[in-house]
Amino acid sequence: MRHLISTRDLSHAEAVGLLDTTIDMVDVRSRDIKKLPTLRGKTVANVFFEDSTRTRLSFEAAALGLGADVMTFTAQGSSVSKGESLKDTLQTLEAMGAEFIVLRHSNSGVASTVTNSGWVESHIINAGDGTHEHPTQALLDAFTMRARLLGDDGRGKDLGGISVAIVGDILHSRVARSNIWLLRTLGATVTLAAPQTLLPRDIDEWGVSTVSTLDDAIDLKPDVVMTLRVQKERMSSGFFPSESEFSSLWGMNVSRLKRLAPTALVMHPGPMNRGLEISGEVADSPQSTVTEQVANGVAARMALLYTLRGDSR
Ligand code: NCD
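Residues numbered from 1 in each chain as written. Predicted model: local features only at pLDDT ≥ 70, side-chain atom pairs only at ≥ 80, totals over all residues. Heavy atoms only, no water.

Our next topic: the overall build of the chain. For the chain, the helix and strand inventory stands at eleven helices and nine strands. Its C-alpha atoms give the chain principal-axis dimensions of roughly 55 × 45 × 35 Å. Out of the 313 residues in the chain, the part that is buried amounts to 54%. Long-range contacts, defined here as pairs at least 24 residues apart, represent 76% of the contacts in the chain between residues at least 6 apart. Counting every atom, the chain has about 13300 Å² of accessible surface; 48% of that belongs to carbon and sulfur. Each charge sign in the chain was given a centre, from 32 positive and 37 negative side chains, and these centres are 3 Å apart. (Helix = DSSP H or I, 4+ residues; strand = E, 2+ residues; numbered from the N terminus. Buried < 20%, exposed > 50% of the residue type's maximum accessible area, 1.4 Å probe, protein only. Contact = heavy atoms within 4.5 Å. Areas by Shrake-Rupley, 256 points an atom, 1.4 Å probe, with all protein chains shown as cover. Lys, Arg positive; Asp, Glu negative; His and termini not counted. Charge placed at Lys NZ, Arg CZ, Asp CG, Glu CD.)

So this is what it looks like as structure tokens:
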């Protein structure tokens, strides 16, 4: 592996291998000295053309955890406002020593444009491209499921036999797409539940089943309910009548939580709209993995950087 653009590019063995390496990184992070020297002398550039809290800080923590130096670029306040192109921006960062480029951009497909272009030599990690993909979120989500549902027995295993319901704004969600491809590779069963207006048109080609209400999805007693943020910034017009209607039909609330097995998990990639797609009580309940996902995100990204470093051109 040289880059990570899409979870579709991961083989079963690569995916399980990354989850296993994540266990080792969780272990590193629980030690007194929470660092490995693997990337000492290397530079990771975080290149963020779109807003982010967790993903950017998480990659920063992961790079520092492997001893790398970190450069952080955010489009706001940069020469992008003077018309500098993506190509020139990336080449500038590489000229300053970057060997890993973690890229977030609002254009779907931009990460593979970069790897196909030959503009830079760095390892490219897609940290979210438009509504297309967010592969490291899917890795940390799969790791969180395996850790919580299989515990210490998880090493070497995939997610065969585990059922996952993904709920809400699937149309605009790169998290849903990356999760679906990875969960399928790992053998999980995936069901999507969303209002018709928030389901992509090409859903029949995705190899997943759909149900038309969240309550139908809950009746299937999934092991995991993955809630998604309603992405208001990507909505040009009304995709649902009102927020209160959305939360009553599609929001994960306590009465729905009670209908799940006590071992079932409720996930959310963050940032959450509390009271819209997930209620505050559910988000703060022991079955919620929201903060665990964030903690595992650092280890999962350490595992990825660690794995990519072995493949130099
Ligand atoms: C997601 C993103 O930006 O794609 N957040 C994240 O990375 N944790 C999901 C979202 O914005 O809803």
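Taken together, the neighbourhood of the ligand is formed by Arg54, Thr55, Arg104, His134, Gln137, Arg174, Val175, Arg229, Gln231, Pro269, Gly270 and Pro271. Histidine 134 has a polar side-chain atom sitting 2.7 Å from an oxygen atom of the ligand. Side-chain polar atom of glutamine 137 to a nitrogen atom of the ligand: 3.3 Å apart, as the coordinates give it. In isolation the ligand exposes 310 Å². Once the protein is present, 94% of that is buried. Counting only elements with at least two residues in the shell around the ligand, the list comes to α2 (54–65) and α6 (174–185). Of the residues in the shell around the ligand, the class split is three nonpolar, five polar and four charged. Domain assignment of the residues forming the shell around the ligand places at least three in each of domain 1 (7–133 + 294–311) and domain 2 (135–289). (Near = heavy atom within 4 Å. Polar contact = N/O pair within 3.5 Å; in protein donor to acceptor, adjacent residues only side chain to side chain. Nonpolar A, V, L, I, M, F, W, Y, C, P; charged D, E, K, R; others polar. Domains from an automatic or database assignment.)

What follows covers α6. Taking 1.5 Å of rise per residue, the twelve residues of α6 would be expected to cover 16 Å, and the 17 Å separating its terminal C-alpha atoms lies within 8% of that figure. Among the twelve residues in α6, ten count as buried, and that is most of the element. Within the span of α6, buried status applies to Arg174, Val175, Ala176, Arg177, Ser178, Asn179, Ile180, Trp181, Leu182 and Leu183. Following α6 by one or two positions, glycine 187 has its phi on the positive side, about 85 degrees. (Expected span 1.5 Å × (residues − 1).)

With that settled, the discussion passes to the sheet that holds strand β4 (residues 123–129). The four strands are arranged β2-β1-β3-β4 in an open sheet whose pairing can be described as parallel. The strands lining the two open edges of the sheet, one partner per strand, are β2 (69–74) and β4. This sheet shows a mean twist of 15 degrees between the axes of neighbouring strands, independent of strand direction. In terms of strand pairing, strand β1 (residues 43–48) meets β2 through six bridges, oriented parallel. (Pairing = 2+ DSSP bridges. Axes fitted to C-alpha atoms, helices over the stretch in contact; angles between N-to-C directions.)

Time to look at unusual backbone geometry. Here glycine 270 and proline 271 are connected by a cis peptide whose omega angle stands at -10 degrees. Its identity is not glycine, yet lysine 221 carries a phi of approximately 50 degrees, on the positive side.

Attention now moves to the side chain of aspartate 129. Positionally, aspartate 129 belongs in strand β4. Arginine 174 provides the closest opposite charge to the buried, unpaired aspartate 129, separated from it by 6.2 Å. Not counting residues up to four positions away in its chain, the partners in contact with aspartate 129 are His105, Asn107, Ser108, Gly109, Val110, Ala111 and Arg174. (Salt bridge = Lys/Arg side-chain N within 4 Å of Asp/Glu carboxyl O.)

Taken together, five strands build an open sheet; the order of strands is β7-β6-β5-β8-β9 and the sheet is parallel. Looking at the sheet topology across the chains shown, the edges are occupied by β7 (209–211) and β9 (265–267). On average, each strand axis in the sheet is tilted by 25 degrees relative to the strand beside it, whichever way the strands run. On the sheet, helix α5 (residues 135–150) packs against β5 (163–167), β8 (224–227) and β9 and is oriented at approximately 165 degrees with respect to β9. The sheet strands contacting α6 are β5, β6 (189–193) and β8, and the helix crosses β5 at an angle near 165 degrees.

Another aspect to go through is the environment of valine 164. With respect to the helices, strands and loops of the structure, valine 164 is situated in strand β5. Relative accessible area serves as the criterion here: at 1%, valine 164 is assigned to the buried category. Along the chain, valine 164 and valine 224 lie 60 residues apart, while their C-alpha atoms are 4.7 Å from each other.

Before going further, it helps to examine the pattern of salt bridges. Here the structure, examined in full by the defined rule, presents twelve salt bridges. For aspartate 27, the salt bridge identified is with arginine 31, shortest N-O distance 3.4 Å. Look at aspartate 27 and you get partly exposed, because its relative accessible area is 40%. Linking aspartate 215 and arginine 259 is a salt bridge whose minimum nitrogen-to-oxygen distance equals 2.7 Å.

Attention now moves to the domain arrangement of the chain. Domain annotation of the chain identifies domain 1 (7–133 + 294–311) and domain 2 (135–289). One C-alpha centre belongs to domain 1, the other to domain 2; they are set 25 Å apart. Facing the 32 residues of domain 1 at the interface are 28 residues of domain 2. For domain 1, the biggest contributors to the area lost against domain 2 are Thr7, Leu19 and Thr131; these three give 25% of the whole. The tally of links from domain 1 across to domain 2 stands at three salt bridges. One salt bridge connects aspartate 24 with arginine 155, and the closest N-O pair in it is separated by 2.8 Å. Counting across the interface, domain 1 meets domain 2 through 13 residue pairs in polar contact (both at pLDDT 80 or more). Taken together, the elements giving at least two residues each to the side of domain 1 that touches domain 2 come down to α1 (12–30), α2, β3 (98–105), β4 and α11 (290–308). (Buried area = accessible area lost by both parts, 1.4 Å probe.)

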